[in-house]
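# Examination of the molecular architecture
Listed here are the chains, written in short residue letters.
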Amino acid sequence: MMSEPLAADAVMVEVKDLTKSYGNVEAVKGVSLLVRRGEAQFVIGPSGCGKSTFLRCINLLEEPSSGSMRVGETAIEFGRGHRMSAREQARFRSNVGMVFQQFHLFPHMTALQNVMEGPVTVKRVARAQARHQAEALLAKVGLADKRDVYPRHLSGGQAQRVAIARALAMQPRVMLLDEVTSALDPELVGEVLEVIRQLTFEGMTMIVVTHEMAFAREVAARVVFMDAGLILEEGSAEELLDRPRNPRLQSFLRRFRN
Amino acid sequence: MEYSWDFSIVFLRPGNWARGFAVTMVYAVATTVAGLVLGLVCGMVMLSRHTILASPIHGYVQFFRSTPLLIQIVWFYYALPVVIGLNIPAWLAAGLGLTLYMGAFSAEIFRAGIMSIDKGQWQAARALGMMPVQMMRRIILPQATRRMVPPFVNQSVLQLKNTSLLSVVAVPDLMYTGTLLVSETFRPLEIYTALAVFYFIILYPLQRLAKLLEQRDDV
């Protein structure tokens, strides 16, 4: 499934002038973004600023209205005259891992089966091999002992860690994390952040939408601030969070301090 | 009020009862199965984005859910042969109404069952790179089926009781057998009471099954 290896500092995700409209409402108004291989790109911004929509555009859960995008070697154009077949879309998504705010684990499958499902059904990996990999991934997120447990018996933090393992099982070129700690009780946030921190150390390319500013400061390679469907400022975590220039970003961060 | 009950007359025509029971069961099973298949197909069309195909199906489902079954049966029996100018056999005409009725309700159960699955499940399946067929087979149907089984069993119970309406077009089912016996013996109280007991004996186990399925808690 994996194609040509990329150079270590290669651009893994390249988004150009991406827009997404719902009727007359433009939720994403022309966003461009470069994410290098192994980088954790954070996206912050107020609720409703379009950051989640933007993220969902990257794995085509929302179909962008115009613009273009490249993930690894796969380039896509959006807009009139550019329609992807269902098979092309599915193939593209299989290379992009997605973790949702509400986990969305498959309730009729155990933790292990949830993690095996993608490789077995989509990639046609042999069951034994998929099981082996899934067990390793569950161990990695600290849930080896929960392999035969159904999602309804998992805490929010555990469920989200299984969901991360499920996305990793597809060996994606990039992971998209959509406010993955926002639905968790405060005491469960830490265990999920710990898994994400570990992924950044391992050099997983990630685009992370979050409200966890302290976490962003700690692990983000780059941060962009989105407001009203546009990227208003971008830079290193330090630049953006400690020396914000844009007044909207300044007032946004002030609300977080208080 | 003096009324001397005499239940012995109920057992006057054992052969007729046996035949009535067989006819009722055959119609119930055949029209339920055919209706389920029809409902499955219609439900899938209703869920698809083919509006050209889906709108007539929606019309059919709404129409059959909103009109009395008795009229449907009578209409198929008497009016359909006139309308299509074909002499379809009486047994088929009678069964057609029941089948379309079951089909309409099944289509709605099927559609509602699929729609009841959380949007997040579809998104998670899609995000893994599943094709629509894989998504249905691996993620949506296994969850939806469990939710659809109790309403399907309930609808089948109703369907078996509804076969009693076939007696108005002289299909010799349990009800028809009873009605004939009433006109012979002038003992409607005993015979209808016995009929109720017959239907109860057939349907009580099914009801229990539906209850068990509702209480099942493996998801």
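What you see is a predicted model, and the numbers here were worked out from it, not measured in a lab.

Moving on, we get to the overall build of chain A. Each helix and strand in chain A was counted, giving nine helices and 10 strands. Its C-alpha atoms give chain A a radius of gyration of 18 Å, near enough to 18 Å, the size a compact globule of 258 residues would have. Summarising its shape, the C-alpha atoms of chain A cover approximately 55 × 50 × 40 Å along the three principal directions. Looking at the 258 residues of chain A, the share that counts as buried comes to 56%. Relative to all contacts within chain A whose residues are 6 or more apart in sequence, the contacts with residues 24 or more apart total 67%. Of the roughly 11300 Å² that chain A leaves accessible, carbon and sulfur atoms contribute 47%.

Residues and elements named next belong to chain A. With antiparallel pairing, four strands are arranged side by side in an open sheet as 2-1-4-5. Bordering the open sheet on either side are strand 2 (25-36) and strand 5 (74-78), each of which pairs with just one other strand. The average undirected angle you get between the axes of adjacent strands in this sheet is 10 degrees. Across nine bridges, the pairing between strand 1 (residues 11-22) and strand 2 is antiparallel. In the sheet register, valine 15 faces strand 2, and the bridge partner there is leucine 33. Sitting on the sheet, helix 1 (residues 51-58) touches strand 1, strand 2 and strand 4 (66-71), and the angle it makes with strand 1 is about 120 degrees.

The subject of this paragraph is the interface of chain B and chain A. Each partner contributes to the interface: chain B provides 21 residues, whereas chain A provides 25 residues. Buried surface at the junction of chain B and chain A, summed over both partners, amounts to about 2100 Å²; 60% is from carbon and sulfur atoms. Taken together, chain B and chain A are joined by one salt bridge. Arginine 138 of chain B is the salt-bridge partner of glutamate 117 of chain A, the closest N and O atoms lying 2.7 Å from each other. Scanning the region where chain B abuts chain A turns up six residue pairs in polar contact (both at pLDDT 80 or more). Looking at the side of chain B that touches chain A, the elements that each hand over two or more residues are helix 5 (119-127) and helix 6 (132-162) of chain B. Per-element accounting of the side of chain B that touches chain A gives the leading share, seven residues, to helix 5 of chain B. For the side of chain B that touches chain A, a count of residues per class yields nine nonpolar, six polar and six charged.

Before going further, it helps to examine helix 4 (residues 127-140) of chain A. Owing to its 3.6 residues per turn, the α-helix brings residues three or four apart onto one side. All names here are of chain A. Taking 1.5 Å as the rise per residue, helix 4 with 14 residues should run 20 Å; its terminal C-alpha atoms sit 20 Å apart, in good agreement. Of all the positions in helix 4, only Ala130, Ala134, Leu137 and Leu138 are classed as buried. Relative to the axis of helix 4, the buried residues are bounded by an arc of 100 degrees and lie together on one face. Exposed side of helix 4, more than 90 degrees from the buried face: Ala128, Gln129 and His132 are the residues found there. Looking at the buried positions of helix 4, the neighbouring elements they touch are helix 3 (111-122) and helix 5 (156-168). Positive phi appears at glycine 142, one or two residues downstream of helix 4, with a value of about 80 degrees.

Another point: the confidence of the model for chain B. Here chain B shows a mean pLDDT of 90. Residues at 70 or above account for 98%. No element of chain B has a lower mean pLDDT than helix 3 (residues 69-84) of chain B, which averages 87, and none a higher one than helix 5 of chain B, which averages 96.

Criteria and cut-off values
- Residues numbered from 1 in each chain as written.
- Chains lettered and ligands numbered in written order.
- Predicted model: local features only at pLDDT ≥ 70, side-chain atom pairs only at ≥ 80, totals over all residues.
- Heavy atoms only, no water.
- Helix = DSSP H or I, 4+ residues; strand = E, 2+ residues; numbered from the N terminus.
- Rg over C-alpha atoms; globule rule 2.2 N^0.38 Å.
- Buried < 20%, exposed > 50% of the residue type's maximum accessible area, 1.4 Å probe, protein only.
- Contact = heavy atoms within 4.5 Å.
- Areas by Shrake-Rupley, 256 points an atom, 1.4 Å probe, with all protein chains shown as cover.
- Pairing = 2+ DSSP bridges.
- Axes fitted to C-alpha atoms, helices over the stretch in contact; angles between N-to-C directions.
- Buried area = accessible area lost by both parts, 1.4 Å probe.
- Salt bridge = Lys/Arg side-chain N within 4 Å of Asp/Glu carboxyl O.
- Polar contact = N/O pair within 3.5 Å; in protein donor to acceptor, adjacent residues only side chain to side chain.
- Nonpolar A, V, L, I, M, F, W, Y, C, P; charged D, E, K, R; others polar.
- Expected span 1.5 Å × (residues − 1).
- Arc of directions from axis to C-beta.
- pLDDT = per-residue confidence, 0-100.

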